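# Descriptive analysis of the structure
As a plain string of letters, each chain reads:
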Amino acid sequence: MDVVGGAKLQALHVVVAQADPAERRALGAALIRAGVTRVTEVADGPTALRTLRADFTPRADVAIVDVDLPGMDGLALLRALAAERSAVRVIVVGAQPPDVLFAIDSLAAALGVALLGTLAQPVAADGLAALLGQYGTPRPAAPAPPVIHFALDEVGTGLRERQFEPYFQPKIELATGQVTSLEAFARWRHPGHGLLGPPAFMAALAEHGRIDFLDWTMLEMAVEHVRRFRDQGMPIPMSLNLAPATLAQPDFVARASAVMARHGVPPASLTFEMTESSILDFDVDFIERLVRLRMLGFGLAVDDYGTARSNLQLLARIPFSELKIDRAFVAGASKSRPLGTVLKTFLGLAHSLDRMSVAVGVETRQDWDFLQGLGCTYAQGYHIANPMPADAFPRWLEEWRQFF
C-alpha cells in the first residue's frame, strides 16, 4: 500500500462522524493541519451512512467513525458499510479500553471493511497521521475468474496423468535471511483450463473422502524435488500440509518412509504440517504415529496456530518441531498493540516449549522488522516470495542470496 504524501492528503475527502462537538472540531482541525483540505463533519450514524454512500458527492475516501454515534452506532455503521461493499477506508475512534478497540478491529476484518485502524479518544494527532499514512489509492478489483469445479473422476485423471505439480514458497530464517526450507502447495496444470488452485479440486476430493489421493501424489512429488534440488547443489528441506485422515492411515509411517528411501532422501528433509484443529481430539494411535515420525527424523509442524481452541496440555505433549502462527496474528501486528501482544504470547509459547516459531503471512517490511525484534525464528509470506514453480526457484534463490 502506498504511503500518502502531502499532495495525496490534499486530494482526500475525509468524513468525520463524531457525536461530541468538541471532539468533532478537534478531529477536523487535526486533519486540516495534516494537509487534508476536504473534511465533512457529521454528528450521527444515519447522516454518516448517507454521506459515505458511493453516490454521495464529493465521494468519501476515508471515514473517521465514533463508536458511540447516536441513531446508528459505530458497529452498526460498520455492518452497513460492509453490506454495501463500501470502498471507504475507515478509522474507528472511541473512549474504549484497548481490548475493546482490538475486538472492533477484528470485527471489521471479519465484516470485510477496509479498516485503517482504531484510535482511543482523545485522538492523538500523530496517531491519526500514522493511520492516514496507510491510505492507498484504491485499485479497481480485477473480476475474479469463475471457479470451475471438477468431478472426482476428472481430478483422479489429472492426478494419474501427473498434471498436478507442487508450487514452492520459501521460508526464511529471520536472524540471517537464509532460506531454510520450502513449503509445497498443490497446483493443477489442466490441459484445457490452465493453472488451477485448490478451489477447483479440493471440494470433490473432500466430498468423497479422498484427499489422500492428492496428499500421496504431493508427497511423492515434493520428495522428488528435494532430491532434484540436492543434486543441483541446493539441499533445501520441504514441508507439506497433509489432511488429518491421511496422517491417520495405519500404514502412513511405513509408506512415507518408503517414499524417502526410494528417492534417497533422509527423513529430516521433510516436515509434515497439520492444522491446529486436527490435534484437538486426543487419539492415542494418532499421537503414537506422530511420535514414530519424529523418532525417524521427520519434522512436524502445527499449522494455522491460534485459529482453534487449543488444548495447551495436549499441545505440549505432541512432539512437534515448529509452531506456525496464523497470518491473522502476523499481518499488522506491528501497528496494533493488542495484536502484537497476542503474537508475543505465541512466540513465547514456542520458545518455552523449545520449538521453532514460524510467522505466516509476512506481507510488508514492517512485519519482517517487527518479527525480527520479537525473536521469531522463521518467516514466510508474500513480502519474501509468492509460491513459484520448481524451475523458477533456483533463479529466485540466486537473486535472494545477492540481496542478503
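Everything here concerns the structure above.
What counts, and at which threshold
- Within each chain, residues carry numbers counting from 1 in the order of the written sequence.
- Owing to the predicted nature of the model, reporting of local features is limited to residues with pLDDT of at least 70; listing and counting of side-chain atom pairs is limited to 80 or more, with chain, interface and lining totals taken over all residues.
- With hydrogens and water set aside, each side-chain value is computed from the structure's full complement of heavy atoms.
- To obtain each axis, a line is fitted to C-alpha atoms, and for helices this fit is confined to the stretch in contact; angles are then taken between N-to-C directions over 0 to 180 degrees.
- Labels follow the DSSP assignment, with helices taken as runs of H or I lasting at least four residues and strands as runs of E lasting at least two, numbered in each case from the N terminus.
- For classification purposes, angles smaller than 35 degrees are called roughly parallel, those larger than 145 roughly antiparallel, those between 65 and 115 roughly perpendicular, and all remaining angles oblique.
- In a left-handed crossing the near helix is turned counterclockwise from the far helix by less than a right angle, and in a right-handed crossing that turn is clockwise.
- We call two residues contacting when some pair of their heavy atoms lies within 4.5 Å.
- In this count, Pro and Cys sit with the nonpolar residues alongside Ala, Val, Leu, Ile, Met, Phe, Trp and Tyr, while Asp, Glu, Lys and Arg are called charged and the others, Gly among them, polar.
- To form a nonpolar core, buried Ala, Val, Leu, Ile, Met, Phe, Trp, Tyr and Cys residues must be joined to one another through side-chain atoms within 4.5 Å.
- Think of it in three bands: with a 1.4 Å probe and only protein chains considered, a residue is buried below 20% of the maximum accessible area for its type, exposed above 50%, and partly exposed in between.
- A pair of aromatic rings is counted whenever rings of Phe, Tyr or Trp (Trp by its six-membered ring) have centres within 6.5 Å, and the orientation is called stacked for planes under 30 degrees apart, edge-to-face for over 60 and tilted otherwise.

### With respect to the packing of helix 9 (residues 211-231) against helix 11 (residues 252-263)
Helix 11 packs onto helix 9 with a crossing angle of 30° between their chain directions and a minimal axis gap of 9 Å. Comparing the axis directions of helix 9 and helix 11 gives the class roughly parallel. Of the two possible hands of crossing, helix 9 and helix 11 adopt the one that is right-handed. Taken together, the residues of helix 11 that come into contact with helix 9 (itself represented by Trp216, Leu219, Glu220, Val223, Glu224 and Arg227) are Phe252, Arg255, Ala256, Val259, Met260, Arg262 and His263. Tallied by class, residues from the contact of helix 9 with helix 11 come to 7 nonpolar, 1 polar and 5 charged.

### Re the nonpolar core
Nonpolar side chains tend toward joint burial in soluble globular proteins. One finds Val155, Phe201, Leu219, Phe272, Leu293, Phe393 and Trp396 to be the most contacted residues of the largest nonpolar core, which totals 74 residues. The contact partners of phenylalanine 201, leaving out residues within four places of it in the chain, are Val155, Phe164, Ala186, Trp188, Leu196 and Leu214. If you look at the next biggest cluster of nonpolar residues, it comprises 22 residues, including Val42, Ala48, Leu69 and Ile104.

### Here's the deal with the packing of aromatic side chains
The relative placement of two aromatic rings is captured by the distance of their centres and the angle of their planes. Under the defined criterion, the tally for this structure stands at 14 aromatic pairs. With a centroid separation of 5.3 Å and 45° between ring planes, the pair formed by tryptophan 216 and phenylalanine 252 is classed as tilted. With tryptophan 216 in helix 9 and phenylalanine 252 in helix 11, this pair connects stretches of sequence that are 36 residues apart. The burial state of tryptophan 216 is the same as that of phenylalanine 252; both residues are buried. Ring centres of phenylalanine 272 and phenylalanine 298 lie 5.2 Å apart, and the angle between their planes is 35°; on these two criteria the pair is classed as tilted. With phenylalanine 272 in strand 10 (residues 270-275) and phenylalanine 298 in the loop between helix 12 (284-296) and strand 11 (299-305), this residue pair connects regions lying 26 residues apart in the sequence.

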